[in-house]
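Residue-level listing of the chains:
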Amino acid sequence: MCCRTIQNCAGLTVHNISISPSMDYCEADILGVKVAGATLGIIGMGRIGYKIAVRAKAFEMNILYHNRTRRKVQEEQAVGATYCKKIDSLLQQADFVMLVVSLTPQTHKLIGKRELELMKPTATLINISRGTIQIHRLASQHGPAVSHSAVLHPAQLGHVARVIRKFLPLPFPSLFALCSSPARCTQGHSHSTPGAVVDQEALVASLQTGVIRAAALDVTSPEPLPRDHALLKLKNVIITPHLGIKTDKATYMITEEAVENILAALNGLPLPSEVLPS
């Protein structure tokens, strides 16, 4: 099999190949793709996207990016990034396309059949943005809403602890999706925004037919995927269960930020990480 792989890659004509019956695979069958010198296309050059560019520069990658707002020239030069005004231009050039955007009506199915067909057949799609988003709003469960002039007291501290315990199992944006005004926190509710940044059916078809080489997904729609989902049956996909951020330090920082938001809400102060409706 090793010889056959070399033959296929090099276009050589090889004769008298001898293969052991017990040989299932060899090193040539599990070769990775070199990132140094490859082109990374970042869609969504916000705070996280920019930090990815900083790390990609250390790997000597060529960096392209597409964003609603172009970065300052000094910021581009610091990481060696080139701005692509049109997303199509980025898709056609990148060896790795990384999605780092929020799920909004504008980014819903941002990558579909047409966009996947623009990518190189040797390209890899990396999605760390959003599958299906679930937004939960916190509410006061004990009597009337907290007024803007409220001062935190021991009883409220207990409520804060209960809220944190209740919402910690949720994805971290849910912790920050507090009511925009404490005066409106009279009852809790939740809603979900259907869909995802990637058209998953189109992605499956593209991976099955070789339109693109591979995909690496930290988010899916839904989460988790059903056990019989087509993505789980493909050999050219890596899927992680939305845990790209899951480190001990990151979890501690998320909890601290959640507490800061809850305390601000209870004291009638602006929320540090408020999620505003578009």
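## With respect to the sheet that holds strand 9 (residues 237-239)
Taking strand neighbours across the sheet as the criterion, the seven strands line up as 3-2-1-4-5-8-9 in an open arrangement whose pairing is parallel. With partners counted over all chains shown, the strands left at the sheet margins are strand 3 (81-83) and strand 9, one partner each. Taken over all neighbouring pairs, the strand axes of this sheet differ in orientation by 15 degrees on average, direction set aside. Strand direction decides the pairing type here: strand 5 (residues 124-127) and strand 8 (residues 214-217), joined by four bridges, are parallel. Opposite Leu125, over in strand 8, you have Ala215 as the bridge partner. Contacts from helix 2 (residues 47-58) reach strand 1 (39-43), strand 2 (62-66) and strand 4 (96-99) within the one sheet, and its direction differs from that of strand 1 by about 170 degrees. In this fold helix 8 (residues 200-209) packs onto strand 5, strand 8 and strand 9, with an angle of close to 140 degrees to the strand it touches most, strand 8.

## Considerations on the pairing of strand 4
On strand 4, burial covers both faces: Phe96 and Met98 on one face and Val97 and Leu99 on the other are all buried. Taken together, the four bridges between strand 1 and strand 4 define a ladder with parallel strand orientation. In the sheet register, Leu40 faces strand 4, and the bridge partner there is Phe96. With four bridges connecting them, strand 4 and strand 5 associate as parallel partners. The residue of strand 5 that forms the bridge with Val97 is Leu125. A crossover links strand 4 with its parallel partner strand 5, the connecting element being helix 5 (residues 113-118), and its sense is right-handed.

## Digging into the environment of Leu103
Mapped onto the elements of the fold, Leu103 is located in the loop between strand 4 and helix 5. Judged by its relative accessible area of 10%, Leu103 is buried.

## Focus on the nonpolar core
In terms of nonpolar packing, the biggest core is built from 29 residues, with Ile43, Val97, Ile111, Leu125, Leu203 and Leu231 touching the most fellow members. Contributing elements (two or more residues each) for this core: helix 4 (87-93), strand 4, helix 8 and strand 8. Element by element, the count of residues in this core is highest for helix 8, at four residues. When near neighbours in sequence (up to four residues on either side) are disregarded, Ile43 contacts His66, Ile87, Leu90, Leu91, Val97, Met98, Leu99, Val100, Val101, Leu110 and Ile111. Listed in part, the 17 residues of the second largest apolar core include Ile42, Tyr50, Ala56 and Ile126.

## Things to note about unusual backbone geometry
Between Ser221 and Pro222 the backbone carries a cis peptide bond, its omega angle lying at 0 degrees. Relative to the helices and strands, Pro222 is located in the loop between strand 8 and strand 9. Not every positive phi belongs to a glycine, and Lys109 is a case in point at roughly 55 degrees. Counting through the fold element by element, Lys109 comes out in the loop between strand 4 and helix 5. On the accessibility criterion, Lys109 (44% relative accessible area) is partly exposed. In this structure, His242 is a non-glycine residue whose phi angle is positive, near 55 degrees. Structurally, His242 is set in the loop between strand 9 and helix 9 (248-266).

## A word on the packing of aromatic side chains
The final tally for this structure, using the stated rule, is one aromatic pair. Plain terms: the ring middles of Tyr65 and Tyr83 are 5.2 Å apart, the flat faces sit at 50 degrees to each other, and that makes the pair tilted. Residue Tyr65 is found in strand 2, and its partner Tyr83 is found in strand 3; the two are separated by 18 residues along the sequence.

Reading guide: rules and limits
Residues numbered from 1 in each chain as written. Predicted model: local features only at pLDDT ≥ 70, side-chain atom pairs only at ≥ 80, totals over all residues. Heavy atoms only, no water. Pairing = 2+ DSSP bridges. Helix = DSSP H or I, 4+ residues; strand = E, 2+ residues; numbered from the N terminus. Axes fitted to C-alpha atoms, helices over the stretch in contact; angles between N-to-C directions. Contact = heavy atoms within 4.5 Å. Buried < 20%, exposed > 50% of the residue type's maximum accessible area, 1.4 Å probe, protein only. Right-handed = clockwise from strand over helix to strand, strands pointing away. Core = buried A, V, L, I, M, F, W, Y, C linked by side-chain atoms within 4.5 Å. Phe/Tyr/Trp six-rings, centres within 6.5 Å; stacked < 30°, edge-to-face > 60°.

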